[in-house]
Amino acid sequence: QVQLVESGGGLVQAGGSLRLSCAASGRTFSSYGMGWFRQAPGKEREFVAAIIWGGGSTYYADSVKGRFAISRDNAKTVYLQMNSLKPEDTAVYYCAAGRFNSGDYRYLVSYSYWGQGTQVTVSS
């Protein structure tokens, strides 16, 4: 059974940093793309960042470009380093995995597996 488990969320002041981790179990994801999405209260889930495991290409939403960085260290763990956090970054952050064509990384339907989410709260 495939499972994705996020960790690293919490409460931080504006301007601070957090690093989220996503541990995958049940299979290796060497041929998958991994993504981070977030959902704020009353809003739709939105794309944050993605990494293509094989080639290492990374993609970011415009709202986090230059502040967030996605990386992976082996076939089962992906990270999201979040710097210069803003109150508008407050959301539940979800890790996801899927196989998709290049250019489809930002769509929820491109991902087959999802974690349960971790709360990130940025205070002003």
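Look up a bit, the structure's there.
Every chain is numbered independently, its residues counted from 1 as its sequence is written. Predicted model: local features are reported for residues with pLDDT of at least 70 only, side-chain atom pairs are reported and counted for 80 or more only, and whole-chain, interface and lining totals are derived from all residues. Hydrogen atoms and water are omitted, and side-chain values are computed over all heavy atoms in the structure.

Caption draft 1: The overall build of the protein, seen in detail. Elements are defined by DSSP. Helices are runs of H or I of four residues or more, strands are runs of E of two residues or more, and each kind is numbered from the N terminus. Helices and strands together make up the secondary structure of the protein, namely zero helices and 11 strands. Ordered by position in the sequence, the α and β elements of the protein form the string β-β-β-β-β-β-β-β-β-β-β. The globule rule is 2.2 Å times the number of residues to the power 0.38, and the radius of gyration it is compared with is taken over C-alpha atoms. In terms of C-alpha radius of gyration, the protein reaches 13 Å, essentially the compact-globule figure of 14 Å for 124 residues. In the protein, buried positions account for 41% of the 124 residues. By the convention used here, residues are in contact when the closest approach between their heavy atoms is within 4.5 Å. Residue pairs at least 24 apart in sequence account for 57% of intrachain contacts in the protein once pairs closer than 6 positions are excluded. Neither His nor the chain termini are counted; the positive set is Lys and Arg, and the negative set is Asp and Glu. By convention, the point assigned to a charge is CZ for Arg, NZ for Lys, CD for Glu and CG for Asp. Distance from the positive charge centre (12 side chains) to the negative charge centre (8 side chains) of the protein: 6 Å. Think of it in three bands: residues with accessible area under 20% of the maximum for their type are buried, residues over 50% are exposed, and the middle band is partly exposed, with areas taken using a 1.4 Å probe on protein chains only.

Caption draft 2: View of the state of the cysteines. When the sulfur atoms of two cysteines come within 2.5 Å, that pair is taken as a disulfide. Applying the stated criterion across every chain yields a total of one disulfide. Across a sulfur-sulfur distance of 2.0 Å, C22 and C95 are joined as a disulfide pair. For the disulfide bridge between C22 and C95, the dihedral angle about the S-S bond is near -75°, and by the sign convention the bridge is left-handed. Of this pair, C22 sits in strand β3 (residues 18-25) while C95 sits in strand β9 (residues 91-98); the two residues are 73 residues apart in sequence, bridging distant segments of the chain. For the pair shown, C22 and C95 are each scored as buried.

Caption draft 3: Looking closely at the packing of aromatic side chains. Only Phe, Tyr and Trp rings take part, Trp by its six-membered ring, and two of them pair if their centres are within 6.5 Å. Stacked means planes under 30 degrees apart, edge-to-face means over 60, and tilted covers everything else. Under the criterion given, the structure shown has eight aromatic pairs. On the basis of an interplanar angle of 75° and a centroid distance of 5.7 Å, the ring pair of F37 and F47 is categorised as edge-to-face. You can see F37 sitting in strand β4 (residues 33-39) and its partner F47 sitting in strand β5 (residues 46-52), a full 10 residues away along the chain. For the pair F37 and F47, a shared accessibility class is recorded, and that class is buried. Seen from their ring centres, F37 and Y111 are 5.1 Å apart, and the 80° between their planes marks the pair as edge-to-face. Of this pair, F37 sits in strand β4 while Y111 is found in the loop between β9 and β10 (113-114), placing the two residues 74 residues apart along the sequence.

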